[in-house]
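# Coordinate analysis (summary)
Here is what each chain is made of, one letter per residue.
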Amino acid sequence: WDNSFGAVYNIYGKAFELVDKIIPGIVNILEGHFAAAHPENYKEVRAIAGQFKAAGHPELNQTLLTALVYFYEIAHTNELVAALPADFYRACTGILSLPVDKSKPILHGRNMDEAPPQGRNCTLSINVTKGGVQQFQMFDWMWVTSGVYTAARPGGVTLEMNWRNYGKESIHEVMARLTTNATELSLMAFRHVMTEKMDFNEAQKYLTTTQFAAPFYVIMSGTQRRGAVLTIYFNHTNNRVIGIDDSSKVPYLVQTNYDHWLPDPADAPRRT
């Protein structure tokens, strides 16, 4: 517990205690919205919370776990950025690479630096099935929310989300966007792509035309040796896409936590 979910609870539980002082009852508001907007996922979270309770940890209850679904968006607010530990914003990297042998598929490598690092001990590789048939794979510790930030479907697409630090808004502005029916949650987006069995083109269109409440990057690959990096803004009208295929001048793309058209920060030259 201390070296896994306990450390996770210590950060996220305290974070929501902080935002609850700004918007009283925010975790209950988020739970109600999630239950209405994603009823099947909410049932999954309720079952997971029941297992934590049976294991002697009722503090990871369904209210906190459903609030955790919204944490990425809440973490992009002025109020929470000022309160999170300095090392919270870590160093995810995505790499798309085309093998010289053109009969081989594109390769997608991913590094996810968990915050807190004990989250790595909660990470699972999960086969999601329906009726005994595999639907997709997920590689994450956010399975506790029924969401996913890293997923793959054989013959379909691979998807990876990276943190983006572009712009911040007040928690009231983000909450107003979060709780509208027009806004999708970042944690639920990949789940939707996989459940609907979208191909590369369909997934790219969905991710670049859907309204989200916080900015992020998507690194994705598909069949026919195709890949792309999507840069998602608060407002989907400004989204950017850079692609890679056999017509590209360079056979790889690297995406970290910074906009690819800008120089790397001096203290984080990973892409360079």
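Above this text you will find the structure in question.
In short, a report on the structure. All values reported here derive from a predicted model rather than from experimental measurement.

Calculation rules
- As a convention, each chain's residues are numbered from 1 in the sequence order in which they are written.
- Where local features are concerned, this predicted model is filtered to residues with pLDDT of at least 70; where side-chain atom pairs are given and counted, the filter is 80 or more; whole-chain, interface and lining totals use all residues.
- Values reported for side chains reflect all heavy atoms of the structure, with hydrogen atoms and water molecules removed beforehand.
- Note on terminology: pairs of cysteine sulfur atoms within 2.5 Å are recorded as disulfides.
- Buried, partly exposed and exposed residues are distinguished by accessible area as a fraction of the type maximum, computed with a 1.4 Å probe on protein chains only: under 20%, between the cut-offs, and over 50%, respectively.
- Here, strands pair whenever DSSP counts at least two bridges between them.
- Secondary structure elements are taken from DSSP: a helix is a run of H or I of four residues or more, a strand is a run of E of two residues or more, and numbering for both begins at the N terminus.
- As used in this record, nonpolar core signifies buried Ala, Val, Leu, Ile, Met, Phe, Trp, Tyr and Cys residues forming a set joined through side-chain atoms within 4.5 Å.
- The criterion used for residue contact is that any of the two residues' heavy atoms lie within 4.5 Å.
- Salt bridges, as used here, are contacts in which a Lys or Arg side-chain nitrogen is within 4 Å of a carboxyl oxygen on Asp or Glu.
- Axis lines are fitted to C-alpha atoms, over the contacting stretch for helices. Their N-to-C directions set the angle, which ranges from 0 to 180 degrees.
- Throughout this description, a polar contact denotes any pair of N or O atoms lying within 3.5 Å of each other; where both atoms belong to protein, one of them has to be capable of donating a hydrogen while the other can accept it, and for residues adjacent in sequence the pair is counted only when both atoms sit in side chains.

Below, the discussion takes up the state of the cysteines. For the structure shown, the criterion picks out 0 disulfides. In this structure Cys92 is not part of a disulfide, and its nearest cysteine sulfur, from Cys122, lies 16 Å away. On the accessibility criterion, Cys92 (9% relative accessible area) is buried. When its relative accessible area of 3% is taken as the criterion, Cys122 is described as buried.

Let us now look at the pairing of strand S3 (residues 124-130). The sheet contact formed by S3 and strand S4 (residues 133-140) spans 7 bridges and is antiparallel. What sits directly across from Ser125, in S4, is Phe139. Between the antiparallel neighbours S3 and S4 lie 2 residues, among them Gly131 with a positive phi of about 65°.

Among the nonpolar cores identified, the biggest contains 69 residues, and Ile26, Phe71, Ile74, Leu159 and Leu207 are the most heavily contacted of them. Among residues more than four places away in sequence, those in contact with Ile74 are Val19, Ile26, Leu80, Ile171, Met175 and Leu178. If you look at the next biggest cluster of nonpolar residues, it comprises 8 residues, including Ile219, Val229, Ile244 and Leu253.

Time to look at the pattern of salt bridges. Summed over all chains, the structure comprises 7 salt bridges. For Lys43, the salt bridge identified is with Glu40, shortest N-O distance 3.6 Å. Placement of the pair is Lys43 and Glu40 together in helix H3 (residues 39-54), with a separation of 3 residues, close to one helical turn. Judged by relative accessible area, Glu40 falls into the exposed class, the value being 51%. Its salt-bridge partner being Glu160, residue Arg110 comes within 3.3 Å of it at the nearest N-O pair. In this pair, Arg110 sits in strand S2 (residues 107-111) while Glu160 sits in strand S6 (residues 157-163), placing the two residues 50 residues apart along the sequence. Overall, Arg110 belongs to the partly exposed group, its relative accessible area being 25%.

The next point concerns the sheet that holds strand S1 (residues 93-97). Overall, antiparallel pairing links the 3 strands, which are arranged S2-S1-S12 in an open sheet. If you trace the sheet from one side to the other, it starts and ends with S2 and strand S12 (252-255), each paired once. Strand-to-strand twist in this sheet, taken as the mean axis angle between neighbours without regard to direction, amounts to 10°. Sheet topology note: the S1/S2 ladder contains 5 bridges and is antiparallel. Bridge pairing in S2 places Thr93 opposite Asn111.

One non-glycine residue, Lys197, lies in the positive phi region at around 55°. For Lys197, the location among the structural elements is in the loop between helix H8 (186-195) and helix H9 (200-209).

This part is about the environment of Tyr166. Examined against the element boundaries, Tyr166 turns out to sit in the loop between S6 and helix H7 (171-178). Contact partners of Tyr166, with chain neighbours within four places excluded, come to Pro215, Tyr233, Phe234 and Asp259.

Here we come to the side chain of Glu160. A residue is classified by how much of its surface remains accessible, and Glu160, at 0% relative accessible area, is buried. For Glu160, the side chain forms a polar contact with the main-chain nitrogen of Gly94, separated by 3.4 Å. At a separation of 2.7 Å, a polar atom in the side chain of Glu160 contacts the side chain of His108. With near-sequence residues (within four places) excluded, Glu160 lies in contact with Thr93, Gly94, His108, Gly109, Arg110, Tyr149, Phe190, Tyr217, Val218 and Ile219.

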